Amino acid sequence: MNDINTAGWRPSLGTIDGAALPDTVTGNRALDLQEPLLFEIGHADRSGVDFDDVEPDVLPTLPRRAARVDLPGLSEPECVRHYTRLSRQNYAIDLGLFPLGSCTMKHNPRLNEKVARMPGFAAVHPLQPQSSVRGALTVIAELADWLVRLTGMAAVAMSPKAGAHGELCGLMAIHAALDARGEGDTRRVILVPESAHGTNPATAAFAGFAVAGIPAGPDGRIDLAALLARLGSDVAGVMITNPNTCGLFERDIKTIADAVHAAGGYVYCDGANFNAIVGRVRPGDLGIDAMHINLHKTFSTPHGGGGPGSGPVVLSAALADYAPRPHVVRDETGVRLVEAAADLPQAFGRMCAFHGQMGMFTRALAYILTHGADGLRQVSDDAVLNANYVLASLRNVLDAPFAGSGPCMHEALFSDHGFAEGFSTLDLAKGLIDEGFHPMTVYFPLVVHGAMLIEPTETESRAALDQFLGAMRSLAVRARAGDPALRAAPRHAPRRRLDETLAARKPRLVWRG
Amino acid sequence: MRMLPLGAADRAAMLATIGAQAIDDLFVDVPAEAVLHGPIPGLPLHASERAVERHMAALSAQNLTAEQAPFFCGAGAYRHHIPASVDHLIQRGEFLTAYTPYQPEIAQGTLQVLFEFQTQVARLFGCDVANASLYDGSTACWEAIAMATRVTRRNRAVLSGGLHPHYAETAATMARFAGDDLCMLPTRAEADSDDAAVIAAIDGQTAAVVVQYPDVMGRIPDLAAIAAAAHAQGALLIAVVTEPVALGLIESPGALGADVVVGEGQALGVGLQFGGPYLGLFACSEKFLRQMPGRLCGETVDADGKRGFVLTLSTREQHIRREKATSNICTNSGLCALAFSIHLSLLGGSGLERMASISHSRAVATARALGAVAGVSVINHTWFNEFALRLPRPAADVVEALAARGILGGVPLSRLCPDRADLADVLLIAATECTDMHDIAALAAALGEVLA
Amino acid sequence: MPRYFTRDHEWIEVDGAAARVGITHYAQSQLGDITFVEVPAVGAVLVRGDSASVIDSVKAASDVYAPVGGTVTAINPALEEAPDLVNSAPESDGWLWDMDLADPTELDDLLDAQAYADLVAAL
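Each chain has its residues counted from 1, running along the sequence as written. Note on labels: chains are lettered from A, ligands numbered from 1, in written order. Where local features are concerned, this predicted model is filtered to residues with pLDDT of at least 70; where side-chain atom pairs are given and counted, the filter is 80 or more; whole-chain, interface and lining totals use all residues. For side-chain calculations, the full set of non-hydrogen atoms in the structure is used, while hydrogens and water are omitted.

**Observations concerning the sheet that holds strand β1 (residues 155-157) of chain A**
Residue and element names in this part refer to chain A.
Moving on, step 1. One requirement defines pairing of two strands: DSSP has to find at least two bridges between them. Helix numbers and strand numbers start at the N terminus; a helix is a DSSP run of H or I with at least 4 residues, a strand a run of E with at least 2. Spatially, β1-β7-β6-β5-β4-β2-β3 is the arrangement adopted by the 7 strands of the open sheet, whose pairing is mixed. Each edge of the open sheet is held by one strand with a lone partner, namely β1 and β3 (210-214). Strand-to-strand twist in this sheet, taken as the mean axis angle between neighbours without regard to direction, amounts to 25 degrees.
Moving on, step 2. Looking at chain direction, strand β4 (residues 235-241) and strand β5 (residues 266-270) are connected through 5 bridges and run parallel. Within β5, the position partnered with Thr241 by the bridge is Asp270. Between N-to-C directions, angles cover 0 to 180 degrees, with each direction set by a line fitted to C-alpha atoms, over the stretch in contact for helices.

**Points about the packing of helix α5 (residues 134-151) of chain A against helix α11 (residues 358-394) of chain A**
Relative placement of two packed helices is described by the angle separating their axes and the distance separating the axes.
Residues and elements named next belong to chain A.
Moving on, step 1. Put simply, α5 and α11 touch, their axes get as near as 10 Å, and they point 45 degrees apart. Considered as vectors, α5 and α11 are oriented oblique to each other. Helix-helix and strand crossings are classified by hand; for α5 and α11 the assignment is left-handed. Side by side, α5 and α11 meet where Ala136, Val139, Ile140, Glu142, Leu143, Trp146 and Leu150 of the first sit next to Met358, Phe361, Thr362, Ala364, Leu365, Ile368, Leu369, Gly372, Ala373 and Leu376 of the second.
Moving on, step 2. Here the nonpolar group is Ala, Val, Leu, Ile, Met, Phe, Trp, Tyr, Cys and Pro; Asp, Glu, Lys and Arg are the charged ones; every other residue, Gly included, is treated as polar. Residue composition of the contact of α5 with α11, by class: 14 nonpolar, 2 polar and 1 charged. Angular relationships are summarised with four words: roughly parallel below 35 degrees, roughly antiparallel beyond 145, roughly perpendicular across 65 to 115, and oblique for the angles in between. Handedness of each helix crossing follows the sense of rotation of the near helix against the far helix: counterclockwise by less than a right angle gives left-handed, clockwise gives right-handed. In what follows, a contact means two residues having at least one pair of non-hydrogen atoms within 4.5 Å.

**What to know about the packing of helix α11 (residues 334-371) of chain B against helix α14 (residues 437-451) of chain B**
All names here are of chain B.
Moving on, step 1. One way to put it is that α11 packs onto α14 with a least axis distance of 9 Å and a crossing angle of 25 degrees. When the interaxial angle is binned, α11 and α14 end up roughly parallel. Taken as a pair, α11 and α14 cross one another with a handedness that is right-handed. In this structure, α11 contributes Arg362, Ala365, Thr366, Ala369 and Leu370 to the contact, and α14 contributes Met437, Ile440, Leu443, Ala444 and Leu447.
Moving on, step 2. Residues belonging to the contact of α11 with α14 are distributed by class as follows: 8 nonpolar, 1 polar and 1 charged.

**Concerning the nonpolar core**
Residue and element names in this part refer to chain B.
Moving on, step 1. Throughout, nonpolar core names a set of buried Ala, Val, Leu, Ile, Met, Phe, Trp, Tyr and Cys residues whose side chains join them through atoms within 4.5 Å. Partly exposed residues are those whose accessible area sits between 20% and 50% of the maximum for their type, while under 20% is buried and over 50% is exposed, using a 1.4 Å probe and protein chains only. Ranked by size, the top nonpolar core spans 160 residues in total, and within it Phe125 and Ile238 carry the most contacts.
Moving on, step 2. With 18 residues, the top contributor of residues to this core is α11.
Moving on, step 3. Non-local contacts of Ile238, meaning those with residues more than four positions away in its chain, are made with Ala144, Ile145, Ala148, Ala208, Val209, Val210, Val211, Val260 and Val262.

**Some remarks on the interface of chain A and chain B**
Moving on, step 1. Contacts between the two partners involve 209 residues from chain A, matched on the other side by 194 residues from chain B.
Moving on, step 2. Buried area between chain A and chain B, summed over both chains or domains, comes out near 17,300 Å², and the portion from carbon and sulfur atoms is 62%.
Moving on, step 3. Any Lys or Arg side-chain nitrogen found within 4 Å of a carboxyl oxygen on Asp or Glu counts as a salt bridge. At the junction of chain A with chain B, the criterion picks out 21 salt bridges.
Moving on, step 4. Between Asp10 of chain B and Arg462 of chain A there is a salt bridge; the shortest N-O distance is 3.0 Å.
Moving on, step 5. Polar contacts, as counted here, are pairs of nitrogen or oxygen atoms within 3.5 Å of one another; within protein the pair requires one atom able to donate a hydrogen and one able to accept it, and residues that are adjacent in sequence qualify only if both atoms are side-chain atoms. Our count for the chain A to chain B interface comes out at 101 residue pairs in polar contact (both at pLDDT 80 or more).
Moving on, step 6. A total of 26 residues in the side of chain A that touches chain B trace back to one element, the largest contributor, which is α11 of chain A.
Moving on, step 7. Counted by class, the side of chain A that touches chain B contains 106 nonpolar, 53 polar and 50 charged residues. Two parts placed together each lose some accessible area; with a 1.4 Å probe, that loss summed over both constitutes the buried area.

**A few points about the environment of Ile23 of chain B**
Moving on, step 1. Examined against the element boundaries, Ile23 of chain B turns out to sit in the loop between α1 (8-18) and α2 (49-61).
Moving on, step 2. By relative accessible area, which is 11% here, Ile23 of chain B ends up buried.
Moving on, step 3. Taking C-alpha positions, Ile23 of chain B is 38 Å from Gly276 of chain B, a pair spaced 253 residues apart along the chain.
Moving on, step 4. Setting aside anything within four residues of it in sequence, one finds Ile23 of chain B in contact with Arg280, Asp381 and Leu385 of chain A together with Arg11 and Leu15 of chain B.

**Structural notes on helix α12 (residues 425-434) of chain A**
Residue and element names in this part refer to chain A.
Moving on, step 1. The element α12 is largely enclosed, with a buried count of 8 among its 10 residues.
Moving on, step 2. For α12, the full list of buried residues reads Thr425, Asp427, Leu428, Ala429, Lys430, Gly431, Leu432 and Ile433.
Moving on, step 3. Against the buried residues of α12 lie β11 (441-442), β12 (452-454) and α13 (462-481).
Moving on, step 4. Of the residues trailing α12, Gly436 is marked for its positive phi of about 95 degrees.

**Comments concerning the environment of Ala383 of chain A**
Residue and element names in this part refer to chain A.
Moving on, step 1. Mapped onto the elements, Ala383 comes out in helix α11.
Moving on, step 2. Residue classification places Ala383 among the buried residues on the basis of a relative accessible area of 1%.
Moving on, step 3. For the pair Ala383 and Gly120, spaced 263 residues apart in the sequence, the C-alpha separation amounts to 34 Å.

**Points about the domain arrangement of chain A**
Moving on, step 1. Domain borders in the structure are assigned automatically or taken from a domain database. Per the domain assignment, the segments of chain A are domain 1 (1-52 + 70-89), domain 2 (111-368) and domain 3 (376-487).
Moving on, step 2. The C-alpha centroid of domain 3 of chain A is placed 33 Å from the C-alpha centroid of domain 1 of chain A.

**Details of the side chain of Asp289 of chain A**
Residue and element names in this part refer to chain A.
Moving on, step 1. Summarising the element assignment, Asp289 is placed in the loop between β5 and β6 (290-292).
Moving on, step 2. For this count, His and the chain ends are skipped, Lys and Arg are scored as positive, and Asp and Glu as negative. There is no salt bridge for the buried Asp289, and the closest opposite charge comes from Arg181, which lies 8.3 Å off by N-O distance.
Moving on, step 3. Setting aside residues no more than four positions away along its own chain, Asp289 makes contact with Met153, His261, Tyr266, Val267, Val314, Leu315, Ser316, Ala318 and Leu319.

**Comments concerning the pattern of salt bridges**
Moving on, step 1. Within this structure, the stated rule accounts for 54 salt bridges over all chains.
Moving on, step 2. Arg117 of chain A serves as the salt-bridge partner of Glu113 of chain A, at 2.8 Å between the closest nitrogen and oxygen.
Moving on, step 3. Exposure remark for Arg117 of chain A: the relative accessible area of 26% places this residue in the partly exposed category.
Moving on, step 4. When the shortest N-O distance is used, the salt bridge between Arg478 of chain A and Asp483 of chain A registers 2.8 Å.
Moving on, step 5. On the accessibility criterion, Asp483 of chain A (22% relative accessible area) is partly exposed.
Moving on, step 6. Each of the salt bridges in this network shares a partner with another, and the network as a whole consists of Glu113, Arg117 and Arg363 of chain A together with Asp87 of chain B.

**Considering the sheet that holds β12 of chain A**
Residue and element names in this part refer to chain A.
Moving on, step 1. On the basis of which strands lie adjacent, the open sheet formed by 3 strands has the order β10-β12-β11 and antiparallel pairing. Each edge of the open sheet carries a strand with a single partner, namely β10 (412-414) and β11.
Moving on, step 2. When β10 meets β12, the two strands line up antiparallel, connected through 3 bridges. Across the sheet, Leu413 pairs through a bridge with Leu453, a residue of β12.
Moving on, step 3. Against the sheet, α11 touches β10 and β12, its axis set at about 30 degrees to β10.

**Remarks on the packing of aromatic side chains**
Residue and element names in this part refer to chain A.
Moving on, step 1. In this analysis, rings of Phe, Tyr and Trp, with Trp reduced to its six-membered ring, are considered paired at centre separations within 6.5 Å, and the interplanar angle assigns stacked below 30 degrees, edge-to-face beyond 60, and tilted for intermediate values. Scanning the entire structure with this criterion turns up 14 aromatic pairs over all chains.
Moving on, step 2. On the basis of an interplanar angle of 15 degrees and a centroid distance of 5.7 Å, the ring pair of Phe39 and Trp511 is categorised as stacked. Linking Phe39 in helix α1 (residues 38-41) with Trp511 in the segment after α14 (500-505), this pair joins segments that are 472 residues apart in sequence.
Moving on, step 3. Exposure remark for Phe39: the relative accessible area of 8% places this residue in the buried category.

**Some thoughts on the state of the cysteines**
One way to say it: the disulfide is the covalent bond shared by the sulfur atoms of two cysteines.
Moving on, step 1. Note on disulfides: each one is a pair of cysteine sulfur atoms within 2.5 Å. Evaluated as defined, the whole model comprises 0 disulfides over all chains.
Moving on, step 2. Note on Cys408 of chain A: no disulfide assigned, nearest cysteine sulfur contributed by Cys246 of chain A at a separation of 11 Å.
Moving on, step 3. On the basis of relative accessible area, Cys408 of chain A is assigned to the buried category, the value being 3%.
Moving on, step 4. The thiol of Cys330 of chain B is unpaired, and the distance to the nearest cysteine sulfur, on Cys103 of chain A, comes to 7.9 Å.

**Quick word on the interface of chain B and chain C**
Moving on, step 1. Between chain B and chain C, the residue contacts involve 5 residues of the former and 11 residues of the latter.
Moving on, step 2. Both faces combined, the contact of chain B with chain C buries some 640 Å², and carbon together with sulfur accounts for 46% of it.
Moving on, step 3. Contact with chain C buries area across many residues of chain B, yet Arg290, Thr315 and Arg321 of chain B alone supply 64% of it, more than any other trio.
Moving on, step 4. Linking chain B with chain C are 0 salt bridges, by the criterion used here.
Moving on, step 5. There are 0 residue pairs in polar contact (both at pLDDT 80 or more) connecting chain B and chain C.
Moving on, step 6. In the side of chain B that touches chain C, the residues fall into 1 nonpolar, 1 polar and 3 charged.

**Considerations on helix α7 (residues 165-178) of chain B**
Residue and element names in this part refer to chain B.
Moving on, step 1. Taking 1.5 Å per residue, 14 residues should reach 20 Å; α7 reaches 20 Å between its end C-alpha atoms and fits that length.
Moving on, step 2. By the criterion of burial, α7 is predominantly enclosed, with 11 of the 14 residues buried.
Moving on, step 3. Listed in full, the buried residues belonging to α7 are Pro165, His166, Tyr167, Ala168, Glu169, Thr170, Ala171, Thr173, Met174, Ala175 and Phe177.
Moving on, step 4. Where α7 terminates, the next one or two residues include Gly179, which has phi positive at roughly 80 degrees. By definition here, a helix of n residues has an expected span of 1.5 Å times n minus one.

Okay, here's the thing in structure tokens:
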């Protein structure tokens, strides 16, 4: 008997020897197919593209290359098979839950894909005359309006290409505002909590600031006294994440924002965790000056195996004028893109070519229109409910360092305290793979030993959560007992643990034959 | 709502497990004055799938597309034909909804694709190694300049006037905050690229020389000569390729001496998409390996000795190195890299050459037809698939008039350089294998009418 | 030749006004498999406490601080091909750099072998 076969039927085929998995000639195992590299199966003379018959008409002045680029080609059937087989070696949201804290791996709606591919969005060039793309510009204006109203801010910069790029945009706006006040050379320090995501200090450095760390208190939140003590005339501002990377709402956020403003600084908020409060709390009401929004987190655009993302930055009135070029403006005369430096004299510059990740704007707008103000509020409700359900269900088998100080937000944090000697968070995470789940975020935030940060998101059903929780309970017990089989996990995945030391010592980044 | 699986009974049972009375109790830490007690006023409530689709379709229909109109826009984004297989394959859920491959045991699909992509980009650009993508060509250009300053420990860069103005502005914005000194040569509407001026501007303090190839007007710089001049002063040559299909016919920048080659991969697999998401390409010499920005995928073996792939050299990256990272990039452009890689695997070297040959041939036919229109002259001596015209009237007005006639007749240079009245009569025209002879005839006829 | 230690687990072996620097066995055990060692440039002038070298393991990048001030005269050429020497022989063949001492009195602030052994025992 098992969960899948509750009736207990057995095959009527006599005795079947299921002792050991037999070897195969191909190395395949039924639907588990091994796929060679493109360079091992393709040919330089093969191509899967049929072109029109066009006589070459080449300029004698064109400096032609001597030999073709050495790249293998595949016929269409070979190509489809190559990539289909590769896709089957990936875990994905479409397959199961990703309990990844701070990543918000919610379901990616298919309407998003349909809308993004409408020709009026997909087949228009960013530099076409504006009169020919009013509908596309309107999409950007509508999304911008939603983002501003959901966050209670004054303006939004739409061009940043991802969250980290948005962080850079926000900090550069702060730097520009300080320069305009004549304090750009004196206020060089950005305060960053120790629990912050690595992009925060990296971004501060790229924006020309020095970083000073602020410790976390015993309750997992910013040490308010330490932060207040560090404020001064050399501080440009603070980068906070709220809810923070421990999954907790920073209760002192208004106090912090008021103190930073009084000390002449600005408040940057990393919006990665916006899913916890969208529709229920507006960062603008908390005193935030700039916040990037990850459309690929809160607003359901697909992760795509590592991007593309989109990181629009909402800005307070104090920073709005410094937003980078270009802007989409909508007023009684219509909608237009304002690009020229002369028309935006205080803009700190340009973040990238063209005007933003249109393909993610269409997807995010479709998602937002689908949910509406009430649906988005339900999103954060259910996200926080699901995370607290996880916390309540696991805190008797896993150490939850901050569970005593109140509810978590959209993610629950556990540590490896209590694991048997020699057993680590990594072992539990790899064990989760065999159970059919992607591991949770591990070893982040750094302020907790062996951190495991679990964010279920609102698109998981209770049944899906219960299955996950059952697996987690089992793994927690095994980690505390020191089950040696856990050290060998995963055993069922397409590959077992990979030698990352070898990859770093002897980097092989391209195929050399 | 269809995306929210929890029902009232679920919520009640879960609250009971948690020991809370209502969901509001879970938000106890939010300052009371900041808690909204209902949906944000003034915003619409949820809508049916059909209603959302209709709303978006209506907005889509207001735009004149490259599928409807004869289309000649380039200037950093190119319209090529993307085989149907590409878009079909990238929509497989295991690619579309996968995460960054930090758990390699269950991400070998993504990782093998990245390894193949890196190899394709390195070969296409003529370099030793390439990364797993950056956001787009303009940010890749900036990242290359930043890397050059780290590697040479100098902070001056020379930017050719042939560099796309958006790329130059992006580099200038980043340089302002990094404290770097950019020597930005002016955009000039001459027949040849500004190689001599670039070479003259290189000095012993120069970290990098940045040259677009083909340049914003489609001219083709002599990278070998510029590389020699840069190396003589200890500077790096960064070549910028905004139209990778050009490399089907002209030599790869790495083979001509470029130390770093960056570019925009949008032309292959990704599509126009009104400006994004696009695909940043970054390749360089092996000696800069540990200074490269962005993710890198490397080959290794697993515990059973089977070949596999992992993200590697992560200690350069933000999540480990934090303020000393080589870049702050986290999410890059994975799905676009997949689309590029699939398209290029369908093309192979032979298909890329064919695509380039047709694109160039159609551009030559276009230049011939347009150069015959009264008052119009072709500025370039040579080009791949994009060239500049000098018109007797401001190009922006001409382009508006063409659009009113249902023709997307190129990009006025003034769109990229709005403060340069002397460039107002220059029009950038691009052609590809999608450009049919009747498109060319339509443009030539309409241009003749508009200028008459 | 006398060997001294720092609280950050570096060792320095002194020969008159010159010295050789590396990390201790305890340090390498904490770092895990070392994948790359970034060493200072020959000729670089170090101030005591500067981050002079960075040692990469798979998941971390760890600073190695100059135990005393001075000028770098040589770096260990074997580390480029074999960074694992720092794991296998941290206190001999896995040395990091040689340097001239700017101020030998700075050695007085360092730990001797016994004091360092006591420090590690208490960890």
